[in-house]
Amino acid sequence: MNLFFSVNNVVNPTALAQEAIDLKKQPFAHEQLGKHKTLGLIFLNPSLRTRLSTQKAALNLGMNVMVMNLDKEGWALEMRDNVVMNGTTVEHIKEAAAVMGQYCDILGIRSFPSLQDRTSDYNEEVFNKFITYCGKPVVSLESATLHPLQSLADLITITELHNSAKKPKVVLTWAPHIKPLPQAVANSFSEWMCAAEVDFVITHPKGYELHEAYTKGATITHHQEQALEQADFIYVKNWSSYHDYGKVIGDYPEWMLSLERLKNTNNAKIMHCLPVRRGLELGHDVLDSDRSLVLKQAENRIYAAQIVLKKILETQS
Amino acid sequence: MNLFFSVNNVVNPTALAQEAIDLKKQPFAHEQLGKHKTLGLIFLNPSLRTRLSTQKAALNLGMNVMVMNLDKEGWALEMRDNVVMNGTTVEHIKEAAAVMGQYCDILGIRSFPSLQDRTSDYNEEVFNKFITYCGKPVVSLESATLHPLQSLADLITITELHNSAKKPKVVLTWAPHIKPLPQAVANSFSEWMCAAEVDFVITHPKGYELHEAYTKGATITHHQEQALEQADFIYVKNWSSYHDYGKVIGDYPEWMLSLERLKNTNNAKIMHCLPVRRGLELGHDVLDSDRSLVLKQAENRIYAAQIVLKKILETQS
Amino acid sequence: MNLFFSVNNVVNPTALAQEAIDLKKQPFAHEQLGKHKTLGLIFLNPSLRTRLSTQKAALNLGMNVMVMNLDKEGWALEMRDNVVMNGTTVEHIKEAAAVMGQYCDILGIRSFPSLQDRTSDYNEEVFNKFITYCGKPVVSLESATLHPLQSLADLITITELHNSAKKPKVVLTWAPHIKPLPQAVANSFSEWMCAAEVDFVITHPKGYELHEAYTKGATITHHQEQALEQADFIYVKNWSSYHDYGKVIGDYPEWMLSLERLKNTNNAKIMHCLPVRRGLELGHDVLDSDRSLVLKQAENRIYAAQIVLKKILETQS
């Protein structure tokens, strides 16, 4: 593996999740694999879980880690080609990416969407320039449109919890929020579920349709209550509108789930990528109950990152 | 040991200081103990000495260290229960602490007081929520009311320097400052000295009385000159008022010590936790003389942290 | 070696560059040398390349690294002696440097000039106070007047690329910029080239004369075109005026190099320390051509730092 950006970079997502579960039993078994190898983690946006879990994954593999918080360390990057750089940007991404590539064996990069310019965001201009210029294997730490380490951790969590021969029913439901959030987690969870061995349903209010490139194979409905019936796993997530790009087009507080709202499910487990705004996106009662898988998902972020780094290291060596 | 928050978490403070002194002679002797173990250092407030000395202590024990500057990395935490999070906080401490606990084997946490709400500060609400939700052993890197790693380093320093069969006379004296500072260092030094084998005197202007929970057994006087007589060790520190909570209720520049003011002491050594404002809290002449122990105290921060981490690791393994 | 601040701290710059080239072939050959040793990197100003390359160099030698971004971590240092610290500074450099020295075996320090007070800048007051008080070997990560790790990397790059018995012609040319930049890179490159086995020419518009202490032995001219003739290596760099201190005294856009402007050179290779403002300091066509050595220079920053750290570690052990 040389790129981990989308489920499409993975031959068999189900098998990869299973390998991560095996790794979790012996996290230090491969600590020689990363010896003398350096992982560079580049953040153009803030991160807590992603940085820590990826750092831990790399340490488990014996790698060194160098972190660059470009958003805070005052290094404004120029992304446009052939402009005269007489403004506020101090370095072009061509040089910045290439230099960081020279100092590291694998790079992880986080770059959120602008939510202003849909074409640029959905063309993944920033992320793709990094890939082009850095010259090293790249792991997405969440890009404008996708968050694959989160989705792999989610698939690991579902795989660990599901204990029936029958395919689980997995529902992705839109949840309220006060701010316009990226579609990345929703797009990404959707493309991974469409590639996994589950029955997958997406539900959201009208106007919150996701880009269809990520939802092929999913059942999509505006009726949340109906979608939740007999669900085994419910993934709760807010996103802003794709069609009226980056907008909050209605707040729909009634879409927030509580324990009461889960009564017609198959004793469904509840998932969220965190951070979660309690009482707004998801009820306190759900998060404080044993229905909640949010901490298990967060823990599995380590093993999602570790199996991906392992695959890349094995490709290099 | 599973918690290091106060002298009350230590069975025998004198013995612990002696063990740290032994460790200092062979700092790498236990570097296998921390193998595969990760220390997470969480800062809700700035830190220089504490971060570096604790990081060094962990490295000496073979641990990995991950640092989270939550104050700077833009992750505003919600501390209140059962509120609708529709404001500026992005994550509840319940989830944040639990997630960080999953990525680390031991957590260190720094959380200063508000100096606005005495009840909340003295109930250690933030620190206690971390302990409750993180699920791992916790080391205080200074909380609202106490700074135990500093006090242990101070006790180590006194133990190293005192060379008489007679108990040393140790004086904690209030010093001037232009800003309202927490009472944590003073409370903490006081509770450790009350538990150590020393004669302990506290002196401060009227109105700067500390909470009596931390000063039981100490002699307390408003007469600085009298307090200093025959002193072996003098600990210099500013704090704001506990009773008129968080206020500077008088600047008392005459309370600043100079070499001249030390003439009736027993050739006393001078201590301060740093950072120190020269010429305001303590005279340049004292800091530049061989009376000053401030650098030795700072050095001993390493071994204070190392003996505490060692005790916790031994409890875990 | 106990100090790496200037070419004057190096007995034989040419030999040092050659040793770095040898090291590059086996970067991990000395990974036992840095065992149990800690490098502290102190930044009073932002850094990308310097931090990462020095960190990588230290890791290659088996050292631990602790980074302190004092510019961001809110620890304003007092530099003046014998003042009453009742303003915004929270710690004196005497204590800060000494404490950081106690926690580390080698310190690296970055401190830019004010560009306001030439005497203070050229006396290297900040850097020299660090050396005086920290008590450990110090590596400059760029000071007010010099950037020796960059210059050593530049000499390594020239040594690697030059393949003729004849001394290469090396030209340092001033380039346009919109902001007043330090003279450090230019001073430093000049003093290293004057000590190396090259024919060295400096060209700049009138008024941009460098301090003559750094340029002894160089040919200096205001005629850029003439300077470039038959050049083998051209180092492009902006700097502000030394004589009208810290000022931009003319923007001279015609001084920017393009491929067209290189036609009378000896197929010259182009160097720049990065970050570079494309289209302002240097033409896109040059940077995108195989004439450009900027990435090779950045890569060699690792080995420049590594040979310097190795020399210091060998002196210590």
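Predicted, not measured: the structure shown is a model, and the values here were computed from it.

Caption draft 1: Expanded view of the overall build of chain A. Scanning chain A from terminus to terminus reveals 10 helices and 12 strands. Each principal axis of the C-alpha distribution contributes one length, and for chain A these read about 55 × 50 × 30 Å. Burial status across chain A gives 57% buried among its 317 residues. When contacts within chain A are restricted to residue pairs at least 6 apart in sequence, long-range pairs at least 24 apart make up 78% of them.

Caption draft 2: Representation of the packing of helix α1 (residues 13-25) of chain B against helix α10 (residues 294-316) of chain B in the model. All names here are of chain B. Orientation of α1 relative to α10, taken along the N-to-C sense of each, is 110 degrees, at an axis distance of 9 Å. Between α1 and α10, the angle falls in the class roughly perpendicular. Judged by residue contacts, L16, E19, A20, L23 and K24 of α1 engage Y303, A304, Q306 and I307 from α10. Taken together, the residues that form the contact of α1 with α10 break down as 6 nonpolar, 1 polar and 2 charged.

Caption draft 3: Representation of the packing of helix α10 (residues 294-316) of chain A against helix α3 (residues 93-103) of chain B within the structure. It is the contact of α10 of chain A with α3 of chain B, at a shortest axis distance of 9 Å, that shows an interaxial angle of 35 degrees. Crossing geometry of α10 of chain A relative to α3 of chain B is assigned as right-handed. Only E95, A98, V99, Q102 and Y103 of chain B of α3 of chain B make contact with α10 of chain A, whose side of the interface consists of V294, L295, A298, E299 and I302 of chain A.

Caption draft 4: Molecular detail of the interface of chain C and chain B. At the interface, 23 residues of chain C touch 24 residues of chain B. Every element with two or more residues in the side of chain C that touches chain B is listed here: β3 (64-69), β5 (91-92) and α3 (93-103) of chain C. At 6 residues, the largest contribution of residues to the side of chain C that touches chain B is made by α3 of chain C. Here the residues of the side of chain C that touches chain B are counted per class, giving 11 nonpolar, 8 polar and 4 charged.

Caption draft 5: Inspection of the sheet that holds strand β6 (residues 106-110) of chain B at higher detail. Residue and element names in this part refer to chain B. Taken together, 5 strands build an open sheet; the order of strands is β1-β7-β6-β2-β3 and the sheet is parallel. This sheet does not close on itself; its edge strands, each paired only once, are β1 (3-4) and β3 (64-69). Relative to strand β7 (residues 138-140), β1 is paired through 2 bridges, and the arrangement is parallel. Bridge pairing in β7 links L3 to V138.

Caption draft 6: Representation of the interface of chain A and chain B in the model. Contact with chain A, which involves 24 residues of that partner, is made by 23 residues of chain B. Those elements giving two or more residues to the side of chain A that touches chain B turn out to be α2 (49-60) and α10 of chain A.

Caption draft 7: Up close: the sheet that holds strand β12 (residues 269-271) of chain A. Residues and elements named next belong to chain A. A sheet is described by the order of its strands in space; here 5 strands give the open sequence β10-β9-β8-β11-β12, paired in parallel fashion. The sheet is open, and its two borders are formed by β10 (219-221) and β12, each paired with just one other strand. Ignoring strand direction, the axes of neighbouring strands in this sheet form an average angle of 20 degrees. One ladder, built from 5 bridges, connects strand β8 (residues 169-174) with strand β11 (residues 233-237); its direction is parallel. Across the sheet, residue V170 finds its bridge partner in β11, namely F233. Packing of helix α6 (residues 148-161) onto the sheet brings it into contact with β8, β11 and β12, and relative to β12 it is tilted by some 170 degrees.

Caption draft 8: Quick peek at unusual backbone geometry. The peptide bond linking L274 of chain A to P275 of chain A adopts the cis configuration, its omega dihedral lying at 0 degrees. Note that P275 of chain A resides in the loop between β12 and α9 (284-287). Even without a glycine there, the phi angle at N267 of chain C is positive, about 55 degrees. Among the structural elements, N267 of chain C can be located in the loop between β11 (233-237) and β12 (269-271). Judged by the 10 C-beta atoms lying within 10 Å of it, N267 of chain C is exposed.

Caption draft 9: The relation of the copies chain C and chain B, seen in detail. Once turned by 120 degrees and shifted 0.0 Å along the axis, chain C lies on chain B with an RMSD of 0.0 Å. Taken together, the rotation and translation relating the two chain copies correspond to the operation of a three-fold axis. For chain C, the smallest separation between a C-alpha atom and the rotation axis is recorded for K72 of chain C, amounting to 5.0 Å.

Caption draft 10: Spatial organisation of the pairing of β3 of chain B. Residue and element names in this part refer to chain B. Extensive coverage of β3 is indicated by the burial of 6 of its 6 residues. Every second residue of β3 is oriented toward a common face, with N64, M66 and M68 on one face and V65, V67 and N69 on the other, all of them buried. Both strand β2 (residues 38-43) and β3 contribute to a ladder of 6 bridges, which runs parallel. When the bridges of β3 are listed, L39 appears paired with V65. After leaving β2, the chain enters helix α2 (residues 49-60) and then returns to the sheet as β3, a path that is right-handed.

Caption draft 11: Structural context of the domain arrangement of chain A. Residues and elements named next belong to chain A. Assigned domains within chain A: domain 1 (3-146 + 301-316) and domain 2 (150-297). Taking only C-alpha atoms, the centre of domain 1 and the centre of domain 2 are 25 Å apart. Contacts between domain 1 and domain 2 engage 24 residues on the former and 22 residues on the latter. Put simply, the parts of the chain that give the side of domain 1 that touches domain 2 at least two residues each are α1 (13-25), α4 (118-122) and α10. It is α1 that provides the largest number of residues to the side of domain 1 that touches domain 2, a total of 7 residues. Considering only residue class, the side of domain 1 that touches domain 2 consists of 14 nonpolar, 6 polar and 4 charged.

Caption draft 12: Up close: the pairing of β8 of chain A. All names here are of chain A. The element β8 is extensively covered by neighbouring structure, given that 6 of its 6 residues are classed as buried. What you see with β8 is no split at all: K169, V171 and T173 on one side and V170, L172 and W174 on the other are buried throughout. Where β8 meets strand β9 (residues 199-203), 5 bridges bridge the pair, whose relative direction is parallel. Bridging from a neighbouring strand, K169 pairs with D199 of β9.

Caption draft 13: Inspection of helix α10 (residues 294-316) of chain C at higher detail. All names here are of chain C. If you check α10, its first and last C-alpha atoms are 33 Å apart, about what 23 residues at 1.5 Å a residue would give, namely 33 Å. Maximum bend of α10: about 30 degrees, positioned at N300. Summarising burial for α10: 17 of the 23 residues are buried, a large majority.

Caption draft 14: How the structure looks around the environment of S258 of chain B. All names here are of chain B. Summarising the element assignment, S258 is placed in the loop between β11 (233-237) and β12 (269-271). When the C-alpha positions of S258 and G283 are compared, they lie 5.0 Å apart, and in sequence the two are 25 residues distant. Each residue touching S258, except ones within four places of it in the same chain, is listed here: G283, D285 and V286.

Caption draft 15: Representation of the environment of Y122 of chain A. Residues and elements named next belong to chain A. On the secondary structure map, Y122 appears in helix α4. Residue class for Y122 comes out partly exposed when judged on the 17 C-beta atoms lying within 10 Å of it. If we skip the residues at most four places from it in the chain, Y122 touches T145 and H211.

Caption draft 16: Quick look at helix α5 (residues 125-134) of chain B. Residues and elements named next belong to chain B. Residues of α5 that are buried: V126, F127, K129, F130 and C134. For α5, the angular spread of buried residues about the axis comes to 160 degrees, placing them on one side. Tucked into the core, α5 has its buried residues touching α3, β6 and β7. Taken from the residues just after α5, G135 is the one with a positive phi, measuring 70 degrees.

Caption draft 17: Representation of the environment of I21 of chain A within the structure. Residues and elements named next belong to chain A. Relative to the helices and strands, I21 resides in helix α1. Spatially, the C-alpha atom of I21 lies 9.0 Å from that of T157, the residues being 136 residues apart in sequence. Apart from residues no more than four positions distant in its own chain, I21 is found in contact with I156, T159 and E160.

Conventions we followed
- Residues numbered from 1 in each chain as written.
- Chains lettered and ligands numbered in written order.
- Predicted model: local features only at pLDDT ≥ 70, side-chain atom pairs only at ≥ 80, totals over all residues.
- Helix = DSSP H or I, 4+ residues; strand = E, 2+ residues; numbered from the N terminus.
- Buried ≥ 20, exposed ≤ 12 C-beta atoms within 10 Å, placed from the backbone.
- Contact = placed C-beta atoms within 7 Å.
- Axes fitted to C-alpha atoms, helices over the stretch in contact; angles between N-to-C directions.
- Parallel < 35°, antiparallel > 145°, perpendicular 65-115°, else oblique.
- Nonpolar A, V, L, I, M, F, W, Y, C, P; charged D, E, K, R; others polar.
- Left-handed = near helix turned anticlockwise from the far one by under 90°.
- Pairing = 2+ DSSP bridges.
- Least-squares fit on C-alpha atoms with pLDDT ≥ 70 in both.
- Right-handed = clockwise from strand over helix to strand, strands pointing away.
- Domains from an automatic or database assignment.
- Expected span 1.5 Å × (residues − 1).
- Bend = angle between axes of the 7 residues up to and from the residue.
- Arc of directions from axis to C-beta.

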